[in-house]
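# Fold and contact review
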Amino acid sequence: MSTTTAAQSKQLNKKELKKFQELLEDKRKAVLERARQMLSEGMTLDANDLPDEMDLAASEYLQSFFEFRLRGREKSLLSKLDLALKKIEEGTFGICEICEEPIGKKRLEARPETSLCIKCKEDQEREERTMG
């Protein structure tokens, strides 16, 4: 048994892993449902509510930009959820990708799709702030 697998087995038992798997699958279904709903309903504007063509064009542009951004975030979240589900199958769920230490249960309960422990995430955010 590798140290990563040993560390993970100390942290999460089969019942807990099953709970996280169900939570991740529920979140995944919700993301897909929101995406389907957005595509089917759309965020339509009523041209009668806008005084002229310039307002209509600007509003349509903002609407498209908003939908594009939302889809980007949803796509990113979906990728993270899929990766977390794959890690459960592989037996590596709950292990930080950087330091390979167990991720705290409270952090996993708050963000089961996370791949970093709180310390490594804070380090990453600090580095991002100084770089950008």
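Our subject is the structure listed above.
Rules of the game
- Residues numbered from 1 in each chain as written.
- Predicted model: local features only at pLDDT ≥ 70, side-chain atom pairs only at ≥ 80, totals over all residues.
- Heavy atoms only, no water.
- Phe/Tyr/Trp six-rings, centres within 6.5 Å; stacked < 30°, edge-to-face > 60°.
- Lys NZ or Arg CZ within 6 Å of the ring centre and 35° of its normal.
- Salt bridge = Lys/Arg side-chain N within 4 Å of Asp/Glu carboxyl O.
- Helix = DSSP H or I, 4+ residues; strand = E, 2+ residues; numbered from the N terminus.
- Buried < 20%, exposed > 50% of the residue type's maximum accessible area, 1.4 Å probe, protein only.

## Here's the deal with the packing of aromatic side chains
- Following the criterion strictly, the structure yields one aromatic pair and no others.
- In this structure, Lys 19 is placed above the aromatic ring of Phe 20, and the distance from its NZ or CZ to the ring centre is 5.1 Å.

## Points about the pattern of salt bridges
- Throughout the structure, instances matching the rule amount to 10 salt bridges.
- A salt bridge links Glu 16 to Lys 105, with the shortest nitrogen-to-oxygen separation between them at 2.9 Å. Residue Glu 16 is found in helix α2 (residues 14–41), and its partner Lys 105 is found in helix α4 (residues 105–110); the two are separated by 89 residues along the sequence.
- What makes Lys 105 partly exposed here is its relative accessible area of 36%.
- Residue Glu 74 is joined to Arg 34 by a salt bridge in which the shortest nitrogen-to-oxygen separation is 3.2 Å. Separated by 40 residues along the polypeptide, Glu 74 in helix α3 (residues 53–90) and Arg 34 in helix α2 bring together distant segments of the chain.

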